[in-house]
Amino acid sequence: MPFESTRGAFPGTRMRRLRASNFARRLVRENALSPNDLIYPVFVVEGENQREAVPSMPGVERLSIDLLVELAADMVDLGIPAIALFPVVPIEKKSLLAEEAFNTDGLAQRAVRALKQAQPELGVITDVALDPFTTHGQDGIIDTQGYVLNDRTTEVLMQQAASHAAAGADVVAPSDMMDGRIGAIRDVLEDAGHVNTLIMSYAAKYASSYYGPFRDAVGSAGNIKGGNKFSYQMDPANSDEALHECALDLGEGADIIMVKPGMPYLDIVRRVSEELKAPTFAYQVSGEYAMHMAAFENGWLPREAVMLESLMSFKRAGCAGILTYFALDAARALQ
């Protein structure tokens, strides 16, 4: 329905009246940002006391499980409700069939167990996708032509999600964009008795150019060797298609919808949250973070003000949750 203002003409209506004082601005503020809205994505590596900087993401580090557990304590103190895990898999454990993805003693599975033992109230979200585990860097099992096989990939994703839930993951987050995988994963979780394990579906994940620093961080950039993911991730030109993807995943048993990337796709967030009325999250991805950090480090933009403004834009668009590498700094700023 088109917007029709109920306000009278100037000077009876002066829109600036409600902006003239701090108390009024606070009272009429339409959206609020708090640590409750934040999810911190982290990269976990093998070993002990390992801390590796990610050059394309200033301030972001890959951490071994022991240091990750220490970080989790800080997150709980700051009121951040959840952490999202992304394993950095050694090259010798990558394969064509991604068997390491569902290894019960794999890096992600061990990290989940350690986090849940140390901080049982912290929500642990795991990435369900095969690109960290494949020698070619694609999110699935490929045929001889390099095409990602949908149903064969789903079989592995089911095993991966089940292994994460068994380790104690609170949320499994399929980010692969295979058709039908949400229903298959939901069935596996139900059959195994994991009835309260949430599924956060990357239902509207676009074939974006903003993912480069993330692929550096997880070590898949060299594997994909200039290839693309156009055959399964969404075309950035499409909006209606995202609604179909999200509705299908909700129908199959998804609890939460993810839109990725974030700020360039806030129009999609708005449509999904308003039209489907489901919990909608978005990911302020590595490229967004890297651009912000470049501007901050060069003194072109004020760090805290722009960081918080960017996150408020997610809330204004309709996000119930935001994955962001600024989570720790934002939570401190919001104290």
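Residues numbered from 1 in each chain as written. Predicted model: local features only at pLDDT ≥ 70, side-chain atom pairs only at ≥ 80, totals over all residues. Heavy atoms only, no water.

S.K.: Can you walk me through the overall build of the protein in this structure?
M.R.: Helix and strand counts for the protein stand at 12 helices and 10 strands. Across its three principal axes, the protein shows a C-alpha extent of roughly 70 × 45 × 40 Å. Burial analysis of the protein (335 residues in total) assigns 52% to the buried set. Within the protein, counting contacts between residues at least 6 apart in sequence, those at least 24 apart form 74% of the total. (Helix = DSSP H or I, 4+ residues; strand = E, 2+ residues; numbered from the N terminus. Buried < 20%, exposed > 50% of the residue type's maximum accessible area, 1.4 Å probe, protein only. Contact = heavy atoms within 4.5 Å.)

S.K.: Would you mind showing me how to read empty space enclosed by the protein here?
M.R.: It is the rolling of a water-molecule-sized probe over the atoms that shows where space remains empty. Applying the stated criterion to the full structure yields two cavities of 30 Å³ or more. As for the largest cavity, its lining consists of 17 residues, of which Asp131, Lys205, Tyr211, Phe214 and Lys260 are closest to the centre. When residues of the lining of the largest cavity are traced back to their parent elements, those giving at least two are strand E7 (198-205) and helix H6 (212-218). Across the lining of the largest cavity, the residue classes break down as eight nonpolar, three polar and six charged. Approximately 40 Å³ is the volume found for the second largest cavity. Lining the second largest cavity, in full, are Glu46, Pro87, Val89, Pro90, Lys93, Glu100, Gly106, Leu107 and Phe133. Its residues placed into classes, the lining of the second largest cavity shows five nonpolar, one polar and three charged. (1 Å grid on protein atoms, 1.4 Å probe; cavity = no way out; pocket = protein on both sides within 12 Å on 5 of 7 lines; lining within 4 Å. Points joined across faces, edges and corners; volume = space filled by probe spheres on them. Nonpolar A, V, L, I, M, F, W, Y, C, P; charged D, E, K, R; others polar.)

S.K.: Quick question: what am I supposed to make of helix H10 (residues 286-297) here?
M.R.: The terminal C-alpha atoms of H10 lie 16 Å apart, and with 12 residues this matches the ideal 16 Å at 1.5 Å per residue to within 8%. In terms of burial, H10 is a largely internal element, nine of the 12 residues being buried. Three or more residues of H10 are buried, namely Ser286, Gly287, Glu288, Tyr289, Ala290, His292, Met293, Ala295 and Phe296. Turning to H10, the residues buried within the fold contact H6, strand E9 (280-284) and helix H11 (303-317). (Expected span 1.5 Å × (residues − 1).)

S.K.: Hey, could you run me through the pattern of salt bridges in this one?
M.R.: Where charged atoms from two side chains of opposite charge approach closely, those side chains can pair. Taken as a whole, this structure holds 19 salt bridges when the rule is applied. One salt bridge connects Arg270 with Glu274, and the closest N-O pair in it is separated by 3.1 Å. Of this pair, Arg270 and Glu274 both sit in helix H9 (residues 266-276), four residues apart, roughly one helical turn. Exposure remark for Arg270: the relative accessible area of 32% places this residue in the partly exposed category. In this structure, a network of salt bridges that share partners links the residues Glu46, Lys93, Asp105, Arg110 and Arg113. (Salt bridge = Lys/Arg side-chain N within 4 Å of Asp/Glu carboxyl O.)

S.K.: I keep staring at the layout of surface pockets and nothing clicks. Help me out?
M.R.: Space inside the largest pocket adds up to approximately 400 Å³. As for the largest pocket, its lining consists of Arg7, Met15, Leu18, Arg19, Arg25, Val28, Arg29, Glu30, Asn31, Arg270, Met312 and Arg316. At the level of elements, helix H1 (22-28) and H11 are the ones that each hand at least two residues to the lining of the largest pocket. Of the residues assigned to the lining of the largest pocket, the class counts are four nonpolar, one polar and seven charged. Around the second largest pocket sit 22 residues that line it, and Tyr40, Gly59, Glu61, Leu71 and Leu328 are the ones nearest its centre. Breaking the lining of the second largest pocket down by element, the ones donating at least two residues are strand E1 (38-45), strand E3 (61-64), helix H2 (65-78), H10 and helix H12 (327-333). Of the residues in the lining of the second largest pocket, the class split is 15 nonpolar, one polar and six charged.

S.K.: Can you walk me through the packing of aromatic side chains in this structure?
M.R.: Within a pair of aromatic rings, the relevant descriptors are the distance that separates the centres and the angle that separates the planes. Under the defined criterion, the tally for this structure stands at 10 aromatic pairs. In this structure an aromatic cluster arises from ring pairing among Phe43, Phe86, Phe214, Tyr283, Tyr289, Phe296, Tyr325 and Phe326. The lysine or arginine in question, Lys205, covers the ring of Tyr211, its NZ or CZ lying 5.9 Å from the ring centre. Above the plane of the ring of Phe214 lies Lys260, whose end atom (NZ or CZ) is 5.1 Å from the centre. (Phe/Tyr/Trp six-rings, centres within 6.5 Å; stacked < 30°, edge-to-face > 60°. Lys NZ or Arg CZ within 6 Å of the ring centre and 35° of its normal.)

S.K.: I'm lost on the pairing of E3 in this one. Help?
M.R.: Taken residue by residue, a regular strand's side chains alternate between the two faces of the sheet. As defined by bridge partners, E1 adjoins E3 across three bridges and the pair is classed as parallel. Note on E3: the bridge partner recorded for Val45 is Ser64. (Pairing = 2+ DSSP bridges.)

S.K.: How do you make sense of the packing of H9 against H11 when you look at a structure like this?
M.R.: The relative placement of two packed helices comes down to the angle between their axes together with the axis-to-axis distance. At a minimum axis distance of 8 Å, the contact between H9 and H11 shows a crossing angle of 30 degrees. One finds that H9 runs roughly parallel with respect to H11. Of the residues in H11, those in contact with Leu266, Val269, Arg270 and Ser273 of H9 are Ser313, Phe314, Arg316 and Ala317. Among the residues forming the contact of H9 with H11, the class breakdown is four nonpolar, two polar and two charged. (Axes fitted to C-alpha atoms, helices over the stretch in contact; angles between N-to-C directions. Parallel < 35°, antiparallel > 145°, perpendicular 65-115°, else oblique.)

S.K.: Before we go on, may I ask you to explain the side chain of Ser175 in this structure?
M.R.: For Ser175, the position within the fold is in the loop between strand E6 (171-174) and helix H5 (181-191). A distance of 2.6 Å separates the side chain of Ser175 from the side chain of Asp127, its partner in a polar contact. If near-sequence neighbours (up to four positions away) are discounted, Ser175 is found in contact with Asp127, Val128, Ala129, Asp139, Arg181, Tyr202 and Lys205. (Polar contact = N/O pair within 3.5 Å; in protein donor to acceptor, adjacent residues only side chain to side chain.)

S.K.: Help me understand unusual backbone geometry, please; the structure alone is not making it clear to me.
M.R.: A cis amide bond, omega 10 degrees, links Phe10 with the succeeding residue Pro11. Examined against the element boundaries, Pro11 turns out to sit in the segment before H1. Following Lys260, the chain continues into Pro261 via a peptide bond in cis, with omega recorded as -5 degrees. Locating Pro261 in the fold gives a position in the loop between strand E8 (256-260) and H9. For Ala98, which is not glycine, the phi dihedral falls at a positive 55 degrees. Tracing the sequence through the fold places Ala98 in the loop between strand E4 (82-87) and helix H3 (107-118). A residue is classified by how much of its surface remains accessible, and Ala98, at 0% relative accessible area, is buried. The backbone of Lys277 shows a phi angle near 55 degrees, a positive value even though the residue is not glycine. Structurally, Lys277 is set in the loop between H9 and E9.

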